[in-house]
Amino acid sequence: MELLKEKILKEGRVLKGNVLKVDSFLNHQMDIPFINELGKEFRRLFPSDKITKILTIESSGIGIACIAAQYFNCPVVFAKKSKSINLDSECYRTNVESFTHKCVYHVFVSKKYLNEDDVVLIIDDFLANGNALLGLMDIVKKSGASLEGIGIVIEKANQPGGSIIRSKNVHLESLAIIESMNEGYIRFKDE
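These lines cover the structure that appears in this document, whether it is placed above or below. (Residues numbered from 1 in each chain as written. Predicted model: local features only at pLDDT ≥ 70, side-chain atom pairs only at ≥ 80, totals over all residues. Heavy atoms only, no water.)

**Looking at the pattern of salt bridges**
- With the rule as written, the count across this model stands at eleven salt bridges.
- In this structure, Glu11 engages Lys7 in a salt bridge whose closest nitrogen and oxygen atoms are separated by 3.0 Å. Placement of the pair is Glu11 and Lys7 together in helix α1 (residues 2-11), with a separation of four residues, close to one helical turn.
- One salt bridge connects Asp138 with Lys142, and the closest N-O pair in it is separated by 3.0 Å. (Salt bridge = Lys/Arg side-chain N within 4 Å of Asp/Glu carboxyl O. Helix = DSSP H or I, 4+ residues; strand = E, 2+ residues; numbered from the N terminus.)

**Details of unusual backbone geometry**
- Cis geometry marks the peptide bond from Glu58 to Ser59; its omega dihedral reads 5°.
- On the secondary structure map, Ser59 appears in the loop between β3 (53-57) and α3 (60-72).
- Backbone geometry places Asn73, a non-glycine residue, at a positive phi of 55°.
- Look at Asn169: it is not a glycine, yet its phi comes out positive at around 55°.
- Mapping Asn169 onto the fold places it in the loop between α5 (161-166) and β9 (172-182).
- For Asn169, a relative accessible area of 75% corresponds to the exposed category. (Buried < 20%, exposed > 50% of the residue type's maximum accessible area, 1.4 Å probe, protein only.)

**Some remarks on the nonpolar core**
- Residues Leu4, Ile8, Leu20, Leu26, Phe42, Phe72 and Ile154 are the most contacted members of the largest nonpolar core, which totals 34 residues.
- Put simply, the parts of the chain that give this core at least two residues each are α1, α2 (32-45), α3, β7 (119-127), β8 (146-156), β9 and β10 (185-188).
- Sorting elements by how many residues they give to this core places α3 first, with six residues.
- Aside from chain neighbours lying at most four places away, what touches Leu20 is Ile8, Gly12, Arg13, Val14, Phe126, Ile154, Lys156, Ile178, Met181 and Ile186.
- Grouped together as the second largest cluster of nonpolar side chains are 24 residues, Met137, Ile152, Ile165 and Leu172 included. (Core = buried A, V, L, I, M, F, W, Y, C linked by side-chain atoms within 4.5 Å. Contact = heavy atoms within 4.5 Å.)

**Describing α3**
- A maximum bend of about 30° is found in α3 at Cys66.
- Along α3, the positions that sit buried rather than exposed are Gly61, Gly63, Ile64, Ala65, Ile67, Ala68, Ala69 and Phe72.
- Each element contacted by the buried residues of α3 is listed here: α2, β3, β4 (76-79), β7 and β8.
- Immediately beyond the C-terminal end of α3, within one or two residues, lies Asn73, with a positive phi of roughly 55°. (Bend = angle between axes of the 7 residues up to and from the residue.)

Next comes the structure, spelled out in structure tokens:
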């Protein structure tokens, strides 16, 4: 998606440790008209009218998933990274190792919001090592729902996540795939 690539090149910053900082428009401050265009693109890439839920993980995927959901006319469910007293006692649970936070989260989704009648589209902001997606896929499997596909805003091709997910024969669409990057330089796949 050219609009996304242009935005990354203009506003993104590469930090040490293979971190792409896009917090000025995607995951801290959110450029809503821009994210609306991402939502339209996800809908174009996933044209099925069977999708009943969009699933993401807190926190950076929530805003993107919510904007996209208006084009699918379905609710968003997000996996919570901590169990609180107001979370239903009956939950699907899995573990997710975070690339950016360098820790393992126990994530939860209430059984009330995901079941065998659902057709799920997973949406998230980044795909690096694939751990968040594997965790969300595990929750979908535990719920008995079917997985329509996975939509990612930015994939890092120099990390194994994309290959891992694609090896599972899942319909994966990434709006921008970064082949390599360092401070001051970003190269997209297919350039």
